[in-house]
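Here is how the chains run, residue by residue.
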Amino acid sequence: MNPFWVEFPQRAHFPLPKGGHVVGQFWKGSEKGVSPACYPCHSLLGSLKEESLGQGKALPGAEPFCRLSLFPPGTTWSLPVSVAMALALLGSFLAALLALVWLGSRWLRRRGAGWGHQTLCAAGPARADDVRALVVTAHPDDEAMFFAPTILSLGRFQAQLWLLCCSSGNYYNQGELRKNELVQSCAILGIPPSNVTVIDHRDLPDDPAVEWDTHLLSTFVLKHIETNHINLVITFDAGGVSGHANHIALYTALRSLQSEGKLPEGCRVLTLKSVNLLRKYISILDVPISCLQSQDVLFILTKEESEQAKRAMRCHHSQLLWFRHTYILFSRFMVINSLCLL
Ligand SMILES: [Zn+2]
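Within any chain, residue numbers begin from 1 and follow the written order of that chain's sequence. Totals for whole chains, interfaces and linings use every residue, but because this is a predicted model, local features are given only for residues with pLDDT of at least 70 and side-chain atom pairs only at 80 or more, for both listing and counting.

Some points on the overall build of the chain
Tallying secondary structure elements over the chain gives 14 helices and nine strands in all. Considering only contacts within the chain whose residues lie at least 6 apart along the sequence, 77% involve residues at least 24 apart. The helix and strand labels rest on DSSP assignments: H or I over at least four residues marks a helix, E over at least two residues marks a strand, and numbering proceeds from the N terminus. Once C-beta atoms have been placed from the backbone, residue pairs whose C-beta atoms lie within 7 Å are recorded as contacts.

Below you can see the structure in the form of C-alpha cells.
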C-alpha cells in the first residue's frame, strides 16, 4: 500500500521540509474502494509533489481539493485557505467579465464606425459631404489629444475641415516649435496647412491662470466662421475635458455667440462631452458605456484610424512626456468622441 494513503478519518503525518508548514488539508477521492484520505501540503494549490514533503518523488494522483469538491463532513477550513479561495474565485470572475466586456467593445466598435454618419446627418447639415467644419481648440495638441475621432470621422464623410487654435501654446516658450508640430499633426488628420490658423495674441496666452476675454475670443471665432462659410463648429463643453480654463473659455465664447444670435443661419455648434476620470482612461472599454449615454453625435474610430490619431499625437514631440504616452495608449478620446448640440 502506498505509504502516503491512510484511511479516513485518520490524518496522515509526513515529514515537512525545513521551514515548511501546513496551510490546509487536501482531499483525494477514493480509488479501488479506498476511503478518502488526506495529506498535508505546505503549498496552496501547488503541484503536490513528494519533494515538497521531502521524499523526492511525485505523489500518485495528487490533486488539489478544489477539482474534486469532495469534502468530508466536519471539514474545517483554515482562514488563509478560505480567503485565498475567495480571492481566486473573485479574480477569475473579474477576469472573465473583463474579457467579455472587451470582446463586446470590439464588436461594438466595428459596428459603431457607421453611426457617426447617421447621427451627424440628424444633428447637423442634411448631407455629411456638405459639412464645412471648424474645430476650435485652445492649444496645439488639443486637436490630436481630444478631437481626433471627430476630425478623422468628418474627413471620412468628405467634409471640409478647418482648425482654429486660439493660442500658440507658449507656456514654456515653445510657441514656434508647437505651431510647426500642429501643422504636421493636422496634415496627418486630413486638415491642409492652408486651413490651419493659430491665434497668437498677448491677451490669449496659454495659461490656465489667465481667464480669456470672451468678447475678444468670440470676435476671432466669428470672423473665422464668416470668412470660411462654416456651417458646423466643434469645440469643448463646459467641463473642457481636462478642466483647463482655456478650454472652458472656448465653450463660453461659442455659447455667447449663439445666445446673442450672432452665428450665421444654419451654423450648428457641437461640444465635446467631458467624462469622468475612470471613463477617460479605459480606451475602447468605454464604447458600450458611450453607446448607452445620451449625445447627439457619436464618432468611433476604426483600429486603423486610431493608429492615425496616435501618429498625429506623436507629431507633438515637445509634449511627449511619459504620461502622454500613457494617455495615447489608454485615453478613450483617442477612439471615441461624444458630442452634444449647443
Ligand atoms: Zn489644451
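Focus on the sheet that holds strand 7 (residues 268-272)
Two strands are said to pair when DSSP picks up at least two bridges between them. If you trace the seven strands from one edge of the open sheet to the other, you get 5-4-3-6-7-9-8, paired in mixed fashion. Whereas interior strands pair on both sides, the edge strands pair on one side only; in this sheet they are strand 5 (196-198) and strand 8 (297-300). With direction set aside, neighbouring strand axes in the sheet form an average angle of 20 degrees. Here three bridges tie strand 4 (residues 160-165) to strand 5, and the two strands are oriented parallel to one another. When the bridges of strand 5 are listed, Cys 165 appears paired with Val 198. Axes here mean lines fitted to C-alpha atoms, for a helix over just the part in contact, with angles spanning 0 to 180 degrees between N-to-C directions. Packed on one face of the sheet, helix 8 (residues 214-227) meets strand 3 (132-137), strand 4, strand 5 and strand 6 (232-236) and runs near 160 degrees to strand 3.

Regarding the environment of His 325
Mapped onto the elements, His 325 comes out in helix 14 (residues 322-330). For the exposure call, what matters is how many other C-beta atoms sit within 10 Å of a residue's own: 20 or more marks it buried, 12 or fewer exposed, and in between partly exposed, using C-beta atoms placed from the backbone. Judged by the 13 C-beta atoms lying within 10 Å of it, His 325 is partly exposed. Taking C-alpha positions, His 325 is 8.8 Å from Arg 314, a pair spaced 11 residues apart along the chain.

Looking at helix 8
To estimate how far a helix should reach, multiply one less than its number of residues by 1.5 Å. Relative to the 20 Å expected for 14 residues at 1.5 Å per residue, helix 8 spans 20 Å between its end C-alpha atoms, a close match to the ideal helical length. If you check which residues of helix 8 are buried, you get Leu 217, Val 221, Leu 222 and Ile 225. The buried residues of helix 8 all sit within an arc of 125 degrees when viewed along its axis, so they share a single face. Facing away from the buried side of helix 8, by more than 90 degrees, are the exposed residues His 215, Lys 223 and Thr 227. Lining the buried residues of helix 8 we find strand 3, strand 4, strand 6 and helix 10 (245-259). Directly beyond the C-terminal end of helix 8, a positive phi value near 50 degrees is found at His 229. In this description, one arc is meant: the one made by directions from the helix axis to the C-beta atoms.

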